[in-house]
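For reference, the chains in residue letters:
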Amino acid sequence: MPMTTEPLMSEPSLKLMASHAPLAMLVVDPLADELVAANAAACQLLMLEEGDWRASPFSHRLSASLPLWVSFTDEVLTTGQAWSDDLVVLDSVRQPRRVEVFGERLPDTPRLLLTLIDRQKAEQRRARAELGRQHRQGDVGWQRVEQVFERIERQNQLILSAAGEGIYGLDAQGRTTFVNPAAERILGWSTEDMVGHDAHLMFHHTHADGSHFPVQQCPIHASFSDGQVHHVDDEVFWHKNGEAIPVEYTSTPIFEMGRLVGAVVLFRDIRERKRAEQQLRDALEEVESLKRRLELENEYLQEEIKAEVNHRNIVGNSPAVAKLIQQIAMVAPTGANVLISGESGTGKELIARAIHAGSGRSDRPLIRVNCAAIPRDLFESEFFGHVKGAFTGAMQDRPGRFELAHGGTLFLDEVGEIPLELQSKLLRVLQDQQFERVGDNRTREVDVRVIAATNRDLKEMIDAGHFREDLYFRLNVFPIDSVPLRKRIEDVPLLARHFLHRACLKFNKPGVRIPPAQLELLTLYPWPGNIRELENVIERQVIVTQDRRLCFDDLLPPEPSVPGQVMAERDKGAEPLAETPMTEQALQQRQRDNALKALAATQGKISGAGGAAELLGIKPTTLASRLQKWGIDPRQFKRRERKKPPTNGALD
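Rules of the game
- Numbering of residues starts from 1 in each chain and follows the order in which that chain's sequence is written.
- Two thresholds apply to this predicted model, a pLDDT of at least 70 for residue-level local features and 80 or more for giving and counting side-chain atom pairs, whereas whole-chain, interface and lining totals are computed over all residues.
- The basis for every side-chain value is the complete set of non-hydrogen atoms in the structure, without hydrogens or water.
- Two strands pair under a simple rule: DSSP has to find at least two bridges between them.
- Every helix listed is a DSSP run of H or I at least four residues long, and every strand listed is a run of E at least two residues long, numbered separately from the N terminus.
- Axes here mean lines fitted to C-alpha atoms, for a helix over just the part in contact, with angles spanning 0 to 180 degrees between N-to-C directions.
- The contact rule is simple, with two residues in contact once any of their heavy atoms fall within 4.5 Å.
- Roughly parallel means an angle under 35 degrees; roughly antiparallel, over 145; roughly perpendicular, 65 to 115; everything else is oblique.
- Helix crossings get a hand from a simple test, with the near helix turned counterclockwise from the far one by less than a right angle marking a left-handed crossing and a clockwise turn marking a right-handed one.
- When residues are grouped by polarity, Ala, Val, Leu, Ile, Met, Phe, Trp, Tyr, Cys and Pro land in nonpolar, Asp, Glu, Lys and Arg in charged, and all others, Gly among them, in polar.
- Within the patch definition used here, like charges are joined within 9 Å and nonpolar side chains (Val, Leu, Ile, Met, Phe, Trp, Tyr) within 5 Å, considering only residues with over 30% relative accessible area and no salt bridge.
- Only the protein chains shown count as covering a residue, and every accessible area follows the Shrake-Rupley method with a 1.4 Å probe.
- Throughout this description, the term salt bridge denotes a Lys or Arg side-chain nitrogen within 4 Å of a carboxyl oxygen of Asp or Glu.
- Two residue types count as positive, namely Lys and Arg, and two as negative, namely Asp and Glu; His and chain ends fall outside the count.
- Charged groups are reduced to one reference atom each: NZ for lysine, CZ for arginine, CG for aspartic acid, CD for glutamic acid.
- Think of it in three bands: with a 1.4 Å probe and only protein chains considered, a residue is buried below 20% of the maximum accessible area for its type, exposed above 50%, and partly exposed in between.
- Aromatic rings from Phe, Tyr and Trp, with only the six-membered ring used for Trp, were paired whenever their centres fell within 6.5 Å, and each pair was classed as stacked if the ring planes differed by under 30 degrees, edge-to-face if by over 60, and tilted otherwise.

*Asks:* Would you mind going over the sheet that holds strand β13 (residues 366-370) with me for this structure?
*Replies:* Two modes of strand pairing occur in sheets, parallel and antiparallel, and in both the strands are linked by backbone hydrogen bonds. Overall, parallel pairing links the five strands, which are arranged β13-β16-β19-β12-β20 in an open sheet. Of all the strands in the sheet, just β13 and β20 (478-482) have a single pairing partner and so form its edges. Ignoring strand direction, the axes of neighbouring strands in this sheet form an average angle of 20 degrees. Note: β13 against strand β16 (residues 409-413), five bridges, orientation parallel. Residue pairing across strands places Asn-370 opposite Asp-413, the latter belonging to β16. Contacting β12 (338-342), β19 (449-454) and β20, helix α13 (residues 319-331) crosses the sheet at an angle of about 155 degrees to β20.

Set out below in structure tokens:
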């Protein structure tokens, strides 16, 4: 029977078979780096749209598998066929597809026909693939390792030259076999420098910290023994000039006819990524630092709100207050340092806040530092801040009060309590507006106005060696005396009404008032605690009052405190007794006379509106008890024309 040369199937039939094959089939030109054709199964596997095959080089679909692809195509072009289960191909949405690939060189062309199946199905073909490898080994035989790498470099020159990543080959002894242009550019070594030399000793010999990197621990060399792909994302290669270059790399073993002959290493210069990461960390640290600073500023602002002190207006119309307001108006816009002296409770902080509010710094915070409340060993950290690790417990960077007050005002309350050893550093900030955080060498500049306050005699402290004279002069540019309340006693009624209004709002007790006699009593008390004591007394009485009238009979000042006597003495133009104390009997006699005057003015009415108890500012039951003790019958005051009330009766 004669032999025929006709093909068993026509070309259209072959095309029809390929297009409907259940396995994914691709035609790839490795020299042009181009996907030429794909059947329906391949389009489904890689999510390809017909006509978009040439939109990008085929190597872009290989990601980290590019070195293995170089080795695989070389084997196909050399032997005609090859199989691999290590390739990872990216589909059109950049998702990795782990596949087994069977490659075959098309006749009379450098193009390859690739058949792709998933890894599970590949297990079924393992035996057949092994037979194929044995067959190819018998037909071709072993070739020199140098020829293998020469073929890789020659046949894949287009990919090697175009790749932006560095690529170089190694034989099983770690000697460099080829280098692409990107590797030369990144490492600074030329091909002549590297080929034939130990790559590890040349540019991979040392860790980033300068410690020795033994070759036995090198993941690249591990590929020669275990035949596995090794990926490292944070290591360094060393430039020819000695610079450490951060890199990530993949070391892929190369097999020739089943024999491990070397590896291909693909690496990327990640210096830009490292710089971007460091910039991001620095930015995040700066954001965190600003966040902490804003949180601290917010704490101070919340303290100001909670204080509920009248910071915007100074209450009073006495000459002392008028002089104080004039001084504040003069110094506030200047930016000069101010030293406020005065007893405790006289409103030194109120003066400081008024100065700050009248200055050009009012849009920035006023930061208050109570120097008497800071532990001695924490003064420097509180004033100037610290860096992380500066001392035990310093878990993070922390700005000090000077940094928080930058652009604003720093109020140093009780400045006389600052330790002598810290005063020199405070003086430097006042002079140069510069300081360093605790544990830091960086000098920081600030723009801060300082207002200091003290209830101590700083001149005496200077004489005793407890306060620096130069610091005193630096603080005392504009001195202000905060006058005690006993020297501006005429402001007491105005202050009392002001504090009463605030206390009523604070404790939700509207309608509480101070009777005139009780208001007069407040002006006779010496107020050793000054304005703070007056405010506390008013608040306490607002809390305890039951009939919405305040009573201050419990105040027993050392000076005469009977309103009737004082008013009579003022009517006569006499000065009230200020220094001669009264006996208990004389004081009770004055109290009795004052009650009689109140009964006479109210025609014997004790309780109710316009009664004697209201006039005296005491409870009706208290007045009735006293009248009973004194033997006074209020009914005798009903008709003043019939019976004249006694005025100087003796006490029982």
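*Asks:* Any chance you could explain the packing of helix α20 (residues 492-507) against helix α22 (residues 530-544) here in plain terms?
*Replies:* Each pair of packed helices can be summarised by the angle the axes make with each other and by the distance between the axes. Running from N to C, α20 and α22 cross one another at 45 degrees; their axes reach a closest spacing of 9 Å. When the interaxial angle is binned, α20 and α22 end up oblique. Judged by the twist between their axes, the crossing of α20 over α22 is right-handed. Contact with α20, carried on its side by Val-492, Leu-495, Ala-496, Phe-499, Leu-500, Arg-502, Ala-503, Lys-506 and Phe-507, involves Ile-531, Leu-534, Glu-535, Ile-538, Glu-539, Val-542 and Ile-543 of α22 and no other residues of that element. Residues that form the contact of α20 with α22 fall into these classes: 12 nonpolar, no polar and four charged.

*Asks:* Would you take a moment to explain the sheet that holds strand β7 (residues 166-171) for this structure?
*Replies:* Spatial strand order, β8-β7-β11-β10-β9: five strands in an open sheet with antiparallel pairing. Pairing within the sheet leaves two strands with one partner each, and these edge strands are β8 (176-179) and β9 (230-238). Shown here is a sheet whose adjacent strand axes are inclined to one another by a mean of 30 degrees, direction ignored. Direction of pairing for β7 relative to β8: antiparallel, over a ladder of three bridges. Bridging across to β8, Gly-169 finds its partner in Phe-178. Running over the sheet, helix α3 (residues 66-79) touches β7, β10 (244-256) and β11 (259-269) and is turned about 25 degrees from β10.

*Asks:* For this particular structure, what's the right way to read a negative patch on the surface?
*Replies:* Side chains of Asp-457, Glu-460, Asp-463 and Glu-469 sit close together on the surface and give a patch of like negative charge. Topologically, Asp-463 is positioned in helix α18 (residues 458-463).

*Asks:* Even after reading the chapter, I still don't get the packing of α13 against helix α14 (residues 348-357), so can you show me in this structure?
*Replies:* Viewed as axis vectors pointing N to C, α13 and α14 meet at an angle of 40 degrees, and their least axial separation amounts to 9 Å. Relative to α14, α13 is oriented oblique. Every pair of crossing elements has a handedness; the one defined by α13 and α14 is right-handed. For the pair α13 and α14, the contacting residues are Leu-324, Ile-328 and Val-331 in the first and Ile-351, Ala-354 and Ile-355 in the second. Across the contact of α13 with α14, the residue classes break down as six nonpolar, no polar and no charged.

*Asks:* What is the right way to look at the pattern of salt bridges in this model?
*Replies:* Here the structure, examined in full by the defined rule, presents 29 salt bridges. A salt bridge links Arg-368 to Asp-413, with the nearest nitrogen and oxygen atoms 3.1 Å apart. Here Asp-413 lies in strand β16 and Arg-368 lies in strand β13, a separation of 45 residues in the sequence. Residue Arg-368 is classed as partly exposed on the basis of its relative accessible area of 29%. One salt bridge connects Glu-380 with Lys-425, and the closest N-O pair in it is separated by 2.3 Å. You can see Glu-380 sitting in helix α15 (residues 379-384) and its partner Lys-425 sitting in helix α17 (residues 420-432), a full 45 residues away along the chain. Sharing partners across several salt bridges, the network here consists of Glu-165, Glu-248, Arg-268, Arg-273 and Glu-277.

*Asks:* Help me understand unusual backbone geometry in this model?
*Replies:* In this structure, Arg-548 is a non-glycine residue whose phi angle is positive, near 65 degrees. Mapped onto the elements, Arg-548 comes out in the loop between α22 and α23 (563-571). Accessibility expressed as a relative area gives 42% for Arg-548, which makes it partly exposed. Despite not being glycine, Gln-603 shows a phi value in the positive range, around 55 degrees. With respect to the helices and strands, Gln-603 occurs in the loop between α24 (584-602) and α25 (612-616).

*Asks:* Would you mind showing me how to read the packing of aromatic side chains here?
*Replies:* Each aromatic ring pair is summarised here by two numbers: the centre-to-centre distance and the angle between the ring planes. Tallied over the full model, the rule gives 14 aromatic pairs. On the basis of an interplanar angle of 65 degrees and a centroid distance of 5.2 Å, the ring pair of Phe-203 and Phe-237 is categorised as edge-to-face. Within this pair, whereas Phe-203 is found in helix α10 (residues 199-203), its partner Phe-237 is found in strand β9, the two being separated by 34 residues in sequence. By the ring-pair criterion, three or more aromatic residues cluster together here, those being Tyr-168, Phe-203, Phe-237, Tyr-249 and Phe-267.

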